[in-house]
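Summary of structural features
The lines below spell out each chain.
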Amino acid sequence: MKTFASWLWFILISLAVSACSIPEPGQLVVISKPPAFRPKTPQEVKSLEDAIAAVMTVCTKDLGLPVIEPYYLHLYKDANAYAAYTYGFARMDQSMVRLTWAQPQETRLHVNLERLGGVSWGTLLRFLAHEYAHNIEDVVIGGTHGWNQWIREGFADWVAAKVMDSLGWESYASSLARTERALARHGASLPKFSELEQTRQWVRVVDRPKGKIQAYGLALLAVHRLIEKKGVAGMREYFRSENFSASFGLSWGDFEREMEGVVKDLVARNTAKKSGLKAEPRPEWKSGYQWQYAVKGLGARGRSTNEVVREEIFDGVPAYILRLGANDYIHTKDTLALSATLSGGKTITKNSPPLLWLSWPLAASKEWRNTSVVENLEQKSSQRMDVETVVAGVEEILVPAGRFEAYRIETYNFHTGELMFEQWYAPRVKWVVKSKDYRQEGVIEQELQSFKID
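Keep in mind the model is a prediction, meaning the values are calculated, not measured. (Residues numbered from 1 in each chain as written. Predicted model: local features only at pLDDT ≥ 70, side-chain atom pairs only at ≥ 80, totals over all residues. Heavy atoms only, no water.)

**Considerations on the nonpolar core**
Quick reminder of the rule: Residue types Ala, Val, Leu, Ile, Met, Phe, Trp, Tyr and Cys, when buried and joined through side-chain atoms within 4.5 Å, form a set referred to as a nonpolar core. Think of it in three bands: residues with accessible area under 20% of the maximum for their type are buried, residues over 50% are exposed, and the middle band is partly exposed, with areas taken using a 1.4 Å probe on protein chains only. Here a strand is any run of E in DSSP of at least two residues, a helix any run of H or I of at least four, and the numbering for each starts at the N terminus. Only heavy atoms enter the contact rule, under which two residues are in contact if any of them lie within 4.5 Å.
Judged by nonpolar contacts, the single largest core of 75 residues is most densely connected at Leu125, Trp150, Phe155 and Trp158. The element best represented in this core is helix 9 (residues 211–241), accounting for 13 residues. Residues in contact with tryptophan 150, not counting those within four places in the same chain, are Phe193, Leu196, Trp202, Ala219, Ala222, Val223, Leu226, Trp252 and Phe255. Among the nonpolar cores identified, the runner-up in size contains 27 residues, and Trp285, Leu322, Leu358 and Ile409 belong to it.

Written out as structure tokens, the structure is:
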């Protein structure tokens, strides 16, 4: 039995521990009447105010959405403060802290800065566009918080994709197409709309493997089709009235059946492209081989030249040295996997094990998983990359260098299921003739202009 002294000691210790972990209140930033801003490239975004100004400009002038004025940002330095102050009256559930970086509330956005460490302003702009759309749902459109979560999230992703499109960083068609390809791959395990209606249900799906693309991808595709029917006006009406049939011109049940058919069609078309491929062996490279590409994306255009400049032993392994600009990329001779990057003869990044973007021999429906630790030696940091890749089909593809039969190769984030890269490998040129690198801030595309091999 505890004595009074022992209870007092216990309480004092508890108070001392609590005092050590008392969360700090957030910093308040007020955005009021920002100037119109349309950054041509992500590099033009230099601050949080710039990013918000760009989002507001596109939402108001291009999408016809009302502006939130003024807009309040609450910035918390870590997850503890974010959890403690966002809701004010109650601490945020730990699953929400883990899965979110921000929470909108009417005219306010609560932001966990700890989750944004190392994120560029260009990348943050897409995130902010998504959350700003939620603020519009909450206040300006006049929602009553009774609507379905998948419509909320789908509309927010639609707004974010439209913002990227208006800025010229990634076309809306591209955002939709990569979503459809990811849904086609994971279509057999997609959730039902009934599993995505409430916030807790939504979080449960997002938290499972491949759940992010299954939930957000399905929601974006569904909202895209609803807006095709009745435009943004239909979404406004739904958020005001919560009357689905009156807002979109068909019943909830009819729309569910329509979407089931859409997903089945995506899966069928994806499966059909995985037949009739022959195995393709690993090519042999030689010094002097060269591939020149036209590069576009993120509001910019340019050219790049990839050249095999030599062969050497790197970390005890025979390798080709592929030069691009000022950097040398080390590809192992046995698999062409990327093992390191050099600048000025100095190793700046190292991959353990090497990144296996292609797996030989390439064959119909072949899949492989690649887990690697990417070490940045200059920044003294590392990141674990876990991806799965599939040979999705063979296509005849036209690029500036000509028309080629090429293997279409898709690389996905293993955990979220999101499409990260697409490459078209052509045996005739012994390398990639086209590629798409999908990033949060947009897409970078390369197309072969010319090549020099034996």
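Moving on from the model shown.
**Overview of unusual backbone geometry**
Look at the link from glutamate 69 to proline 70: it is a cis peptide, with omega at -5°. The topology assignment puts proline 70 in the loop between helix 2 (48–61) and strand 2 (71–76). Here the residue pair tryptophan 360 and proline 361 is connected by a cis peptide bond, since its omega of -5° sits within 30 degrees of zero. Mapped onto the fold, proline 361 is located in the loop between strand 10 (346–355) and strand 11 (367–376).

**So, the layout of surface pockets**
Let me state the cut-off plainly: Points on a 1 Å grid over protein atoms alone make up a cavity when a 1.4 Å probe fits among them but cannot get out, and a pocket when they form an open set with protein on both sides within 12 Å along at least five of seven lines; lining residues each have an atom within 4 Å of a point. Grid points are joined across faces, edges and corners, and a volume is the space filled by probe spheres set on the points. Ten residue types, Ala, Val, Leu, Ile, Met, Phe, Trp, Tyr, Cys and Pro, are classed as nonpolar, four, Asp, Glu, Lys and Arg, as charged, and the remainder, Gly among them, as polar.
When its volume is computed, the second largest pocket comes out at roughly 300 Å³. As for the second largest pocket, its lining consists of 14 residues, of which Leu190, Pro191, Lys192, Glu260 and Val263 are closest to the centre. The class makeup of the residues in the lining of the second largest pocket is eight nonpolar, two polar and four charged.

**Quick notes on the packing of aromatic side chains**
Put simply, the rule reads: By convention, a stacked pair of Phe, Tyr or Trp rings (six-membered ring in the case of Trp) has centres within 6.5 Å and planes under 30 degrees apart, an edge-to-face pair has planes over 60 apart, and any other such pair is tilted.
For the structure on display, the rule yields 25 aromatic pairs. Look at tyrosine 76 and tyrosine 85: their rings are 6.3 Å apart centre to centre, the planes differ by 10°, and that puts the pair in the stacked class. For tyrosine 85, a relative accessible area of 33% puts it in the partly exposed group. Considering the side-chain rings of tryptophan 357 and phenylalanine 421, the 5.1 Å spacing of their centres and the 70° angle between planes classify their relative orientation as edge-to-face.

**Here we look at helix 6 (residues 149–167)**
What counts is decided by this rule: By definition here, a helix of n residues has an expected span of 1.5 Å times n minus one.
In this model, helix 6 (19 residues) spans 27 Å end to end at C-alpha, consistent with the 27 Å of a helix rising 1.5 Å per residue. Summarising burial for helix 6: 15 of the 19 residues are buried, a large majority.

**A few points about the sheet that holds strand 2**
To summarise the sheet geometry, strands pair through backbone hydrogen bonds and adopt either a parallel or an antiparallel arrangement. Rules: For two strands to pair, DSSP has to find at least two bridges joining them. Every axis corresponds to a line fitted to the C-alpha atoms, with the helix fit spanning only the stretch in contact, and the corresponding angles, defined between N-to-C directions, vary from 0 to 180 degrees.
Spatial strand order, 1-2-4-3: four strands in an open sheet with mixed pairing. Here the strands that pair on one side only, and so sit at the sheet edges, are strand 1 (27–31) and strand 3 (102–105). Averaged over neighbouring strand pairs, the angle between their axes works out to 20° when direction is ignored. In this fold helix 2 packs onto strand 1 and strand 2, with an angle of close to 140° to the strand it touches most, strand 2.

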